[in-house]
Amino acid sequence: MPHTPHTPRTPNTPHTPRTQDEAPSPLIVVIAGRKGGAGKTTTALNLAGALAERGRRVLLVDLDPQASLTRLLLGADAAELEGIGTRILAPQRGIAGLATAVLPGVHLMPGDRAIETAAMTLADNPTGPLRLRKLLAAVRDSDVILLDTPPALGFALNTALLAAHVAVLPTALAQQDFDALADTLTLRDELDELRAARVLAIVPNAVRRDGHDQEGVDLLRRCYGSLVSAPIPLSVAVKRAGNSRRPVVTYEPHGAAAQAYRALADIVEKERDNGA
């Protein structure tokens, strides 16, 4: 039996509501976690698809220097595009012209190695991790922004946690995954005074129909209660959809995985409505 994961100190208030005189602003969601294999990029793609399916305008932002989401969606074309890292380095340029359409209702700001350069260049700049927050404040043509992050603690994850309103944390169900989840939650707590994203959902990912995985889901629910969302089942359709550069809601719309991502989209929609 895995040991009890860290319990987050997350506030219970939604992101700041808009007044009637303010222009609409998107809900910003970071898909976070320090460990590879948890399903962050898969979650970003499929949550975007589930939100776009219901008519929401979604902007994906790839903050992984490896640009996994960008390469997944754009293939060889990814190498030709300027990435978000260049604008973090030069925020005076803004974000105009950076997003490209990748799916119906979904645009992408590509990832690039410049994020690593930004981490080194801004290491001694206390406001460096806040640059993405300021850049995304200009976005008014999206309903939801999803930030995909690298599998590591550091500049990119800090930047994303400080730019987002809420966080979605996918996790697998082995002990090392629980440890990584605890590390991510601890980091979020440490950044709380700077208005870090509130945890919206912990998402058990690629869950098998066996006793071990069910035990892991039960443990998460005992520790984190209602923060734990409906599990995303292990599904060949998710892998095949990704290989086709599509979300599973369009590849196998009536399957169990598609329904699970729609349930996660419901959680995001409810948060968006609460903050509207």
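Each remark here, short or long, concerns the structure printed above.
Residues numbered from 1 in each chain as written. Predicted model: local features only at pLDDT ≥ 70, side-chain atom pairs only at ≥ 80, totals over all residues. Heavy atoms only, no water.

K.L.:
Lay out the overall build of the protein chain with the relevant residues and their values.
P.N.:
A tally of helices and strands in the protein chain yields eleven helices and seven strands. When its C-alpha atoms are laid out on the principal axes, the protein chain stretches across 55 × 40 × 40 Å. Counting the 276 residues in the protein chain, one finds 55% classified as buried. Sequence-distant contacts in the protein chain: of pairs separated by 6 or more residues, those separated by 24 or more amount to 79%. Charged side chains of the protein chain number 30 positive and 30 negative; the gap between the two group centres comes to 2 Å. (Helix = DSSP H or I, 4+ residues; strand = E, 2+ residues; numbered from the N terminus. Buried < 20%, exposed > 50% of the residue type's maximum accessible area, 1.4 Å probe, protein only. Contact = heavy atoms within 4.5 Å. Lys, Arg positive; Asp, Glu negative; His and termini not counted. Charge placed at Lys NZ, Arg CZ, Asp CG, Glu CD.)

K.L.:
Just give me the short version of the sheet that holds strand β6 (residues 166-171), but keep the residues and values in it.
P.N.:
The mixed open sheet is built from seven strands, whose spatial order is β3-β4-β2-β5-β1-β6-β7. Two strands lie at the open edges of the sheet, namely β3 (100-103) and β7 (198-204), each paired on one side alone. Pairwise comparison of adjacent strand axes, ignoring direction, gives a mean angle of 25° for this sheet. (Pairing = 2+ DSSP bridges. Axes fitted to C-alpha atoms, helices over the stretch in contact; angles between N-to-C directions.)

K.L.:
Would you mind going over the nonpolar core in detail, with residue names and values included?
P.N.:
If you look at the biggest cluster of nonpolar residues, it comprises 49 residues, and the most contacted ones within it are Val30, Val61, Leu63, Ile84, Leu136, Leu147 and Tyr224. Residue contributions to this core peak at seven residues, all from helix α6 (residues 155-163). If near-sequence neighbours (up to four positions away) are discounted, leucine 136 is found in contact with Ile28, Val61, Ile145, Leu147 and Ala163. Counting residues in each nonpolar core, the second largest holds 40 residues, with Val29, Val58, Leu103 and Val106 among its members. (Core = buried A, V, L, I, M, F, W, Y, C linked by side-chain atoms within 4.5 Å.)

K.L.:
Lay out the pairing of strand β1 (residues 27-31) in plain terms, naming residues and giving numbers.
P.N.:
Along β1, five of the five residues are buried, which leaves the element largely enclosed by surrounding structure. As judged from the five bridges shared by β1 and strand β5 (residues 144-148), these two strands associate in the parallel manner. Counterpart to isoleucine 28 in the pairing with β5 is isoleucine 145.

K.L.:
Explain the side chain of aspartate 143 to me, using residue names and the numbers behind them.
P.N.:
Here aspartate 143 is to be found in the loop between α5 (131-136) and β5. Engagement of the side chain of aspartate 143 in a polar contact is seen with the side chain of arginine 272, the distance being 3.3 Å. (Polar contact = N/O pair within 3.5 Å; in protein donor to acceptor, adjacent residues only side chain to side chain.)

K.L.:
Pulling in residues and values, what's your account of the environment of threonine 250?
P.N.:
Residue placement: threonine 250 occurs in helix α10 (residues 248-251). You can call threonine 250 partly exposed: its relative accessible area is 43%. As for threonine 250 and glycine 49, which are separated by 201 residues in sequence, their C-alpha atoms are 7.7 Å apart.

K.L.:
Break down the pairing of β5 for me, citing the residues and quoting the values.
P.N.:
Here β5 lies mainly inside the structure; five of its five residues are buried. Direction of pairing for strand β2 (residues 58-62) relative to β5: parallel, over a ladder of five bridges. Its bridge partner lying in β5, aspartate 62 is registered against aspartate 148.

K.L.:
Which residues make up the packing of helix α1 (residues 40-53) against helix α11 (residues 256-275), and what are the values?
P.N.:
Orientation of α1 relative to α11, taken along the N-to-C sense of each, is 75°, at an axis distance of 9 Å. Here α1 is positioned roughly perpendicular relative to α11, judged by the angle of their axes. Contact with α1, carried on its side by Thr42, Thr43, Asn46, Leu47, Ala50, Leu51 and Glu53, involves Tyr261, Arg262, Leu264, Ala265, Val268 and Glu269 of α11 and no other residues of that element. For the contact of α1 with α11, the per-class residue count stands at seven nonpolar, three polar and three charged. (Parallel < 35°, antiparallel > 145°, perpendicular 65-115°, else oblique. Nonpolar A, V, L, I, M, F, W, Y, C, P; charged D, E, K, R; others polar.)

K.L.:
So, helix α4 (residues 114-121): which residues are in play, and what are the values?
P.N.:
Among the residues making up α4, those that are buried are Ala114, Ile115 and Ala118. Seen end-on, α4 carries its buried residues on one side only, within an arc spanning 105°. On the buried face of α4, the contacting elements are β2, α3 (84-89) and α6. (Arc of directions from axis to C-beta.)

K.L.:
Break down the pattern of salt bridges for me, citing the residues and quoting the values.
P.N.:
Opposite charge on two side chains permits pairing when their charged atoms draw close. Under the definition given, this model contains 14 salt bridges. A salt bridge links arginine 34 to aspartate 183, with the shortest nitrogen-to-oxygen separation between them at 2.5 Å. Of this pair, arginine 34 sits in the loop between β1 and α1 while aspartate 183 is found in helix α7 (residues 175-190), placing the two residues 149 residues apart along the sequence. One salt bridge in this structure joins arginine 188 and aspartate 189, with 3.3 Å as the shortest N-O distance. Residue arginine 188 shares its accessibility class with aspartate 189, and that shared class is buried. Linked through salt bridges whose partners overlap, the residues forming this network are Arg57, Asp143, Arg272 and Asp273. (Salt bridge = Lys/Arg side-chain N within 4 Å of Asp/Glu carboxyl O.)

K.L.:
Got a sec to walk through the environment of asparagine 125? Specific residues and values, please.
P.N.:
Locating asparagine 125 in the fold gives a position in the loop between α4 and α5. Take asparagine 125: its relative accessible area is 24%, and that puts it in the partly exposed class. Separated by 2.8 Å, the side chains of asparagine 125 and threonine 127 make a polar contact.

K.L.:
Tell me about the packing of α7 against helix α8 (residues 211-224), and name the residues and values.
P.N.:
The description of two packed helices rests on the angle between their axes and on the distance between the axes. Axis separation between α7 and α8 bottoms out at 13 Å; the angle between their running directions is 25°. As the angle between them shows, α7 and α8 are arranged roughly parallel. Here the hand of the crossing between α7 and α8 comes out right-handed. Residues Phe178, Leu181 and Leu185 of α7 pack against Gly216, Leu219, Leu220 and Tyr224 of α8. (Left-handed = near helix turned anticlockwise from the far one by under 90°.)

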